[in-house]
Amino acid sequence: MCLDIGRAAAAGRASDREQEAARLVESAGADVVEVLRGRRDRPDSKTFAGTGKIEEIGDAVRLHGAHTVVFDHALSASQVRNVERALAEGGQAVRVYDRTELILEIFGQRARSHEGKLQVELARLEHHATRLVRGWSHLERQRGGLGKTGGPGEKQIELDRRMIGEEVKKLKARIAKVTQDRATQRSGRARAGVLRVSLVGYTNAGKSTLFNRLTGADAYVADQLFATLDTTTRKLWLANDSSAAISDTVGFIQDLPHSLVAAFRATLDEAVQADVLLHVVDSASPSRDEQIAAVNKVLKEIGAANVPQILVWNQIDRVPGLQPEVIRDPCGKILNIKVSAVTGAGLELIRGALLEMAGATPTDAQPCAA
Ligand SMILES: Nc1nc2c(ncn2[C@@H]2O[C@H](COP(=O)(O)OP(=O)(O)OP(=O)(O)O)[C@@H](O)[C@H]2O)c(=O)[nH]1
Ligand SMILES: [Mg+2]
């Protein structure tokens, strides 16, 4: 697989974004044979014409015998077609993916549960539909210019659009049915006054590892992006007579396709409905600040921005000098907790914090002068 990183700087070491893109490709089960630098700085990079970009990609494809080219940014349907056509003219039949399609592909591969599969299917259809709409308005403009109406392309697109619309409707109804049970369980827990905790965070931050460590569960853990796609809820023991319900769910990433966020609404609802979010961060990642911002952006998008949040700085075993500890603001509110899900260091601090949130023990917060 040949990877073109559109947003990378023109020179310098592989950026974090490049590394992440390469990991995304690997997570889709492919080998990255070459990472090409982007040409966003060039004025005609939108069409790639005359930039030498197609030739550069063609050379790399030939050299490695690659069958796929991945662009780490969004491409329009016509850009995909143009690049595929240009490469085919050079004698190389390759499939072109953009970032959205790559992520959809990974989700498609990982979906295990019935609900997950339906949601991925919905995201794919909705993504496909946006491309049809784009093609459609392009045709409309052309038609207007020629002063004619109708045409075979228009009819086909209209038909496809209607078919996709019907399929989307059916899928949404099926998803609603499947997710009904979970909503019922959730409202049961809410009525019982159980503290509902949701693990959220960037993909590969260690949410599932932490979940397993805290609950003794056996959720799938892997050093790959989007290892988890479903939501699992378990009882979390806090103290003698106190427990919470904790959920592990799908991770987020920068530029998470909107169609996926919309389709995974039901899965992500667990976070919206939680009393507390444990926002898990890989404290060893050089791009942790961008990752925190990307997660908060998705949380906002799904309406969970106002759910109380504790940052869990995980993986402190990989950062020399970091110790398990709780950091509070001047009013005593817990801001972050430093832990290692692998060594178990600091996990009792999470239980303590949740007990505090549940109101089971008096908080040691100082009265806030503000
Ligand atoms: N050294 C170290 N590795 C960790 C820690 N927590 C998780 N990992 C590793 O990080 C990788 C990802 O862990 P997961 O628990 O699958 O991460 P996740 O956040 O659930 O990822 P997704 O489900 O893909 O969003 C695995 O290889 C874990 O072993 C930690 O505290 N220390
Ligand atoms: Mg996981």
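Calculation notes
- Residues numbered from 1 in each chain as written.
- Chains lettered and ligands numbered in written order.
- Predicted model: local features only at pLDDT ≥ 70, side-chain atom pairs only at ≥ 80, totals over all residues.
- UniProt positions renumbered as here; feature names shortened; annotations may be inferred.
- Buried ≥ 20, exposed ≤ 12 C-beta atoms within 10 Å, placed from the backbone.
- Helix = DSSP H or I, 4+ residues; strand = E, 2+ residues; numbered from the N terminus.
- Contact = placed C-beta atoms within 7 Å.
- Pairing = 2+ DSSP bridges.
- Domains from an automatic or database assignment.
- Nonpolar A, V, L, I, M, F, W, Y, C, P; charged D, E, K, R; others polar.

The name that an unreviewed UniProt entry assigns to the protein is GTPase HflX, with the source organism given as Usitatibacter palustris. Recorded under Function (unreviewed entry), the UniProt text for the protein is reproduced unchanged: "GTPase that associates with the 50S ribosomal subunit and may have a role during protein synthesis or ribosome biogenesis." The Subcellular location (unreviewed entry) comment attached to the protein in UniProt states, word for word, "Cytoplasm".

Novice: Can you walk me through helix α7 (residues 207–215) in this structure?
Specialist: Helical geometry note: an α-helix holds 3.6 residues per turn, so side chains three or four residues apart project in the same direction. When we look at burial in α7, the residues that qualify are K207, S208, T209, L210, F211 and L214. Those residues of α7 that are buried are in contact with β5 (195–201), β6 (232–239), β7 (242–248), β8 (276–282), β9 (309–314) and α11 (347–358).

Novice: Is there a simple way to explain the pairing of strand β10 (residues 325–328) in this structure?
Specialist: Alignment of β10 against strand β11 (residues 334–338), held across four bridges, turns out to be antiparallel. By the bridge assignment, E325 is partnered in β11 with K338. The hairpin formed by β10 and β11 contains five residues between the paired strands, and G332 there has a positive phi angle of roughly 95 degrees.

Novice: Would you take a moment to explain the domain arrangement of the protein for this structure?
Specialist: Bring the parts together and some accessible area is lost; that lost area is often taken as the interface size. Each assigned domain of the protein is listed here: domain 1 (2–97), domain 2 (107–172) and domain 3 (181–358). With centres defined by C-alpha atoms, the gap from domain 1 to domain 3 works out at 35 Å. Contacts between domain 1 and domain 3 engage four residues on the former and five residues on the latter. The class makeup of the residues in the side of domain 1 that touches domain 3 is one nonpolar, one polar and two charged.

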